[in-house]
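# Analysis of the macromolecular model
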Amino acid sequence: MEQVAITRTVGVAAGVFAPGHIGELTQIVPFEMVDEVLAETGAVQRRVRLVPARVTVYLLLAAALFNGLGYQQVFDRLCAGLAGLSLLRPSGSALRQARQRLGPAPMKALSTW
């Protein structure tokens, strides 16, 4: 019996919020998909922020999984793989503001994929 190997090339985000750093959600919802939805809905941040739009999307996805926790606690779980790195921890207020900046359009668009 002949064996066949299927391979594919996957782009990987760089930096502190790379896949693996914001949890296993990047394996289920690839960052390329999130970035495309952010671009389509005009929700890409216009300046560098403590909580980028991409991270806000993953925060909201994780918040649905950890619905009994506050945003800071959910953020801590997303960044658990970063133990030992000097990561700034945004306040609950900063995370709520990130959610408000993002708006509902990206999450609605993501749900139709």
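That block above? That's the structure.
In what follows, the accompanying structure is described. Predicted, not measured: the structure shown is a model, and the values here were computed from it.

## Some remarks on helix α3 (residues 53-65)
- For α3, which comprises 13 residues, the first-to-last C-alpha distance of 19 Å matches the rise-based estimate of 18 Å (1.5 Å per residue) to within 8%.
- Within α3, ten of the 13 residues are buried, which leaves it mostly tucked inside the rest of the structure.
- All buried positions along α3 are accounted for by Ala53, Arg54, Val55, Thr56, Val57, Tyr58, Leu59, Leu60, Ala62 and Ala63.
- Where α3 is buried, its residues contact α1 (25-28), α2 (31-40), α4 (71-78), α5 (92-102) and α6 (105-111).

## Some thoughts on the side chain of Thr56
- Within the element layout of this structure, Thr56 appears in helix α3.
- Beyond its immediate chain neighbours, meaning those up to four positions away, Thr56 contacts Val51, Ala98, Arg99 and Leu102.

## Thoughts on the nonpolar core
- The biggest cluster of nonpolar side chains holds 27 residues, and the ones touching the most others in it are Leu38, Leu59 and Leu102.
- Going through the elements one at a time, α2, α3, α4, α5 and α6 are the ones with two or more residues in this core.
- A per-element tally of this core places α3 first, with eight residues.
- For Leu102, the contacting residues outside a window of four places in its chain are Leu38, Ala43, Ala53, Thr56, Val57, Leu60 and Met107.

## Description of α4
- All of the buried residues in α4 are Tyr71, Val74, Phe75 and Leu78. With its buried residues spanning 100 degrees around the axis, α4 presents them on a single face.
- Where α4 is buried, its residues meet α1, α3 and α5.

## Remarks on the layout of surface pockets
- Approximately 150 Å³ is the volume found for the second largest pocket.
- Considering the residues around the second largest pocket, the lining is formed by 14 residues, among which Ala43, Val44, Gln45, Arg49 and Arg101 are closest to the centre.
- Going through the elements one at a time, α3 and α5 are the ones with two or more residues in the lining of the second largest pocket.
- Of the residues forming the lining of the second largest pocket, the biggest block, three residues, is contributed by α5.
- For the lining of the second largest pocket, the residue count by class is seven nonpolar, three polar and four charged.

## Looking at the pattern of salt bridges
- One pass over the structure, following the stated rule, counts two salt bridges.
- For Arg54, the salt bridge identified is with Asp35, shortest N-O distance 2.5 Å. Residue Arg54 is located in helix α3, and its partner Asp35 is located in helix α2; the two are separated by 19 residues in the primary sequence.
- By relative accessible area, which is 26% here, Asp35 ends up partly exposed.

Cut-offs applied
Along each chain, residues carry numbers from 1 onward, in the same order as the chain's sequence is written. The model is predicted, so local features are restricted to residues of pLDDT at least 70 and side-chain atom pairs to those at 80 or more, both for listing and for counting; the totals for chains, interfaces and linings are taken over all residues. Side-chain numbers come from the whole structure's heavy atoms, not from hydrogens or water. We count a stretch as a helix when DSSP gives it H or I for four or more residues in a row; a strand needs E for two or more, and each element gets its number in order from the N terminus. The length a helix should cover is 1.5 Å for every residue beyond the first. Each residue gets one of three labels from its accessible area relative to the maximum for its type: buried under 20%, exposed over 50%, partly exposed in between, using a 1.4 Å probe on protein chains only. Every residue pair with non-hydrogen atoms within 4.5 Å of one another is taken to be in contact. Residues grouped as a nonpolar core are buried Ala, Val, Leu, Ile, Met, Phe, Trp, Tyr and Cys residues, joined through side-chain atoms within 4.5 Å. Summarising the geometry, the arc corresponds to the directions from the helix axis toward the C-beta atoms. The distinction between a cavity and a pocket rests on a 1 Å grid over the protein atoms alone: a 1.4 Å probe fits inside a cavity but cannot get out, while a pocket stays open yet meets protein on both sides within 12 Å along at least five of seven lines, and a residue with an atom within 4 Å of a point counts as lining. Grid points are joined across faces, edges and corners, and a volume is the space filled by probe spheres set on the points. Note on residue classes: Ala, Val, Leu, Ile, Met, Phe, Trp, Tyr, Cys and Pro are nonpolar, Asp, Glu, Lys and Arg are charged, and everything else, Gly too, is polar. Here, a salt bridge means any Lys or Arg side-chain nitrogen found within 4 Å of an Asp or Glu carboxyl oxygen.

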